[in-house]
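One-letter residues, chain by chain:
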Amino acid sequence: MSSSRWVIALGWQKRLRLTNIRMASQAFFFAAFLLATWATWTSRLAGYPVSRFLEIDPLVLLSTALATGYVYRFLGWAVLVLGITFLFGRVFCNWLCPYGTLHQLVGWLFNIRKHKDRWQSNQYRRLYTLKYSLLAVFLIMASLGALQIGLLDPICLMYRSVATAFAPASDMLLDGAVRNLPSEILPMALIDTLKFAPGVEQRIFVGSFWIGAFLLLLVGMNLVVPRFFCRVLCPLGALLGLFSRHSIFRINRDVHKCTDCNLCLTRCEGAADPHAQVRLSECFACMNCIDDCPEDALRYTAFGLDTKQVVPGTELGRRRFVFAGLLGLLAYPLTKGNGVNTDKNYSPLLIRPPGSVEESDFLRKCIKCDQCINVCPTNVLQPGTFREAGFEGLWTPVMNFNIGHCQLKCNLCSEVCPTGAIRRITVEEKLGRGKFADAGPISLGTAFFDVGRCLPHAMQIPCVVCEEVCPVSPKAIQTQDEEVKDVFGRIVVLNKPFMVPDLCIGCGICQKECPVTDSRAVYVTPVGETRSANRRLLLKKRQPVDAK
């Protein structure tokens, strides 16, 4: 072979290294995740599987199955990831997971450690067993009916952070660029294409600062411990680690070739100790150790495996496992006993999206991914805070009618929910039309008046805004006309509004449009919502008397 052909062959060999293939896979799936989040908008959705990352999450599959007793819709796709893990180990963590890619990217950008420090930082520590304890806590709570995996599941965490913190910030910066740059340089059509929410001036999300800060904290911890979240906290990684103990393909170390130079520790993402006995449950199959080994002592293979050079299991220990179990058992009553979202004591601010199942069932299914919040065109859906939903309902979707209202012909939130917390409904069912006419429209709650703040009732100022915007027919807000002499001696006709609870569907447009903007004179609470018979307002809805 000529020298030029030899150089070309070496060039192709370098390009086809497993690490390069892995980086291409990471770039593809990270871009696919951002594309799915970007496509989760009313004008782009078009039936695309924008929630597929959540649906292939094995932790979502297992925890929701434990909590509800069945597997919802497309969650069975997660079995494919488990099969891949049985074959190739924890490749999901470093080949597919967008959150893992984010952590690796940040670690690479800010890795200024010297070689010796890198070796030490990438050695295994007992601290890394914490994720297995957290997994046990979450699964025990799920089996008892308290689903909290969304707090730390990496896919849920990534969706929530991008939807409520990164996407609005990105759109805000793009809008700022439009204001400061000529349209010839940055056309408005291009900006609308790039924005996560095109055509919207600005989306706001209550508590998004803390969601974004939580993400930044976890990502920033990479400067202290490389891949901190993946190694220490990630419950999905712990679950996949348990399944990868007996993977067919794995890293194999040839002790006859190894010179104990420890160079394989330089870029080990999982702290799997490739220089000694490889820890199968911790190995991300990043392939960095293979590239860094100068003696070709490491291979990723299914043949000729040295079983003495691996540690298949974890070092959780019996005492830690028992402690994690007790913690999970204790966390369940502490979470459920808080009592802010029960039928006996629920917050008047806890209004769920249309199609939501009964509250206790909702909390057994919702994984706090906030996909429904991302797709909502009016920004009415918000991540729940302690004020509305307590700890158990933290970051679950609630409706804030001070910000927006629920559009009558919109059912997008039910289209993207991956777990059935918001069941799939049609517009006909939502409006109570066609075959759903007997059941009537879905009610989110009931509107009430604070007559002490209402302009006609308390201030002798004519106002009919709430009655005018009420979208149902016949209108749920009606008026009683009263002619009075105001303080300035003028005769005015006051159209004093009152609510007809039999007709109100709790859409919230009256609260959104009320001119008393600090604390609205008309407001919606969840009482009377369709999904719960225990929260009804009327024993029986009244019907108009037939004219004779």
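That block above? That's the structure.
A brief look at the structure comes next. (Residues numbered from 1 in each chain as written. Predicted model: local features only at pLDDT ≥ 70, side-chain atom pairs only at ≥ 80, totals over all residues. Heavy atoms only, no water.)

**Focus: the layout of surface pockets**
Then, number 1: Reported here for the largest pocket is a volume of approximately 1,200 Å³.
Then, number 2: Looking at the lining of the largest pocket residue by residue, the classes come out as 22 nonpolar, 11 polar and 12 charged.
Then, number 3: Here the second largest pocket defines a volume of roughly 590 Å³.
Then, number 4: Lining the second largest pocket are 28 residues, and of these Gln 104, Gly 107, Trp 108, Glu 269 and Asn 288 sit closest to its centre.
Then, number 5: Those elements that provide at least two residues to the lining of the second largest pocket are α2 (18-39), α7 (98-109), α8 (115-121) and α15 (288-292). (1 Å grid on protein atoms, 1.4 Å probe; cavity = no way out; pocket = protein on both sides within 12 Å on 5 of 7 lines; lining within 4 Å. Points joined across faces, edges and corners; volume = space filled by probe spheres on them. Nonpolar A, V, L, I, M, F, W, Y, C, P; charged D, E, K, R; others polar. Helix = DSSP H or I, 4+ residues; strand = E, 2+ residues; numbered from the N terminus.)

**Observations concerning the packing of α7 against helix α12 (residues 208-220)**
Then, number 1: Remark: α7 packs on α12, axes separated minimally by 9 Å, with the N-to-C direction vectors making an angle of 55°. With respect to their mutual orientation, α7 and α12 come out oblique. Packed against α7, whose contacting residues are Tyr 99, Leu 102, His 103 and Val 106, the element α12 presents Leu 215, Leu 218 and Val 219 at the interface.
Then, number 2: Residues of the contact of α7 with α12, tallied by class, amount to 6 nonpolar, 1 polar and no charged. (Axes fitted to C-alpha atoms, helices over the stretch in contact; angles between N-to-C directions. Parallel < 35°, antiparallel > 145°, perpendicular 65-115°, else oblique. Contact = heavy atoms within 4.5 Å.)

**Side note on the nonpolar core**
Then, number 1: Residues Phe 92, Tyr 99, Ile 155, Phe 229, Ile 251 and Ile 367 are the most contacted members of the largest nonpolar core, which totals 75 residues.
Then, number 2: Looking at this core element by element, the count peaks at 7 residues for helix α10 (residues 154-180).
Then, number 3: What Phe 229 contacts, discounting residues up to four positions off in sequence, is Tyr 99, His 103, Leu 152, Pro 154, Leu 157, Leu 218 and Cys 234.
Then, number 4: By size, the runner-up hydrophobic cluster in this structure holds 42 residues, among which are Val 357, Ala 476, Ile 505 and Cys 510. (Core = buried A, V, L, I, M, F, W, Y, C linked by side-chain atoms within 4.5 Å. Buried < 20%, exposed > 50% of the residue type's maximum accessible area, 1.4 Å probe, protein only.)

**Comments concerning helix α14 (residues 235-243)**
Then, number 1: Counting buried residues along α14, 7 of its 9 residues qualify, which places the element largely inside the surrounding structure.
Then, number 2: Along α14, the residues classified as buried are Pro 235, Leu 236, Gly 237, Ala 238, Leu 239, Leu 240 and Gly 241.
Then, number 3: Structurally, α14 contributes buried residues whose contacts are with α4 (58-68), α5 (78-88), α6 (91-96), α9 (130-144), α10 and α13 (228-233).

**Some remarks on α5**
Then, number 1: Along α5, the positions that sit buried rather than exposed are Ala 78, Val 81, Leu 82 and Thr 85. One side of α5 carries all its buried residues, which in axial view fall inside an arc of 100°.
Then, number 2: Where the residues of α5 are buried, they touch α3 (52-55), α4, α6 and α14.
Then, number 3: Just past α5, the residue Gly 89 takes up positive phi, approximately 85°. (Arc of directions from axis to C-beta.)

**Some thoughts on a nonpolar patch on the surface**
Then, number 1: Judged by side-chain polarity, Leu 105, Trp 108, Leu 109, Phe 110, Leu 223 and Val 224 come together as a nonpolar surface patch covering roughly 690 Å² of accessible area.
Then, number 2: Within the element layout of this structure, Leu 105 appears in helix α7.
Then, number 3: For Leu 105, a relative accessible area of 43% puts it in the partly exposed group. (Patch = residues over 30% accessible without salt bridge, like charges linked within 9 Å, V, L, I, M, F, W, Y side chains within 5 Å. Areas by Shrake-Rupley, 256 points an atom, 1.4 Å probe, with all protein chains shown as cover. Salt bridge = Lys/Arg side-chain N within 4 Å of Asp/Glu carboxyl O.)

**What about the packing of α2 against α10?**
Then, number 1: Contact geometry of α2 with α10 gives a least axis separation of 11 Å together with a crossing angle of 50°. Classified by the interaxial angle, the pair formed by α2 and α10 is oblique. Judged by the twist between their axes, the crossing of α2 over α10 is right-handed. In this structure, α2 contributes Phe 30, Phe 33, Ala 36 and Thr 37 to the contact, and α10 contributes Met 158, Tyr 159 and Val 162. (Left-handed = near helix turned anticlockwise from the far one by under 90°.)

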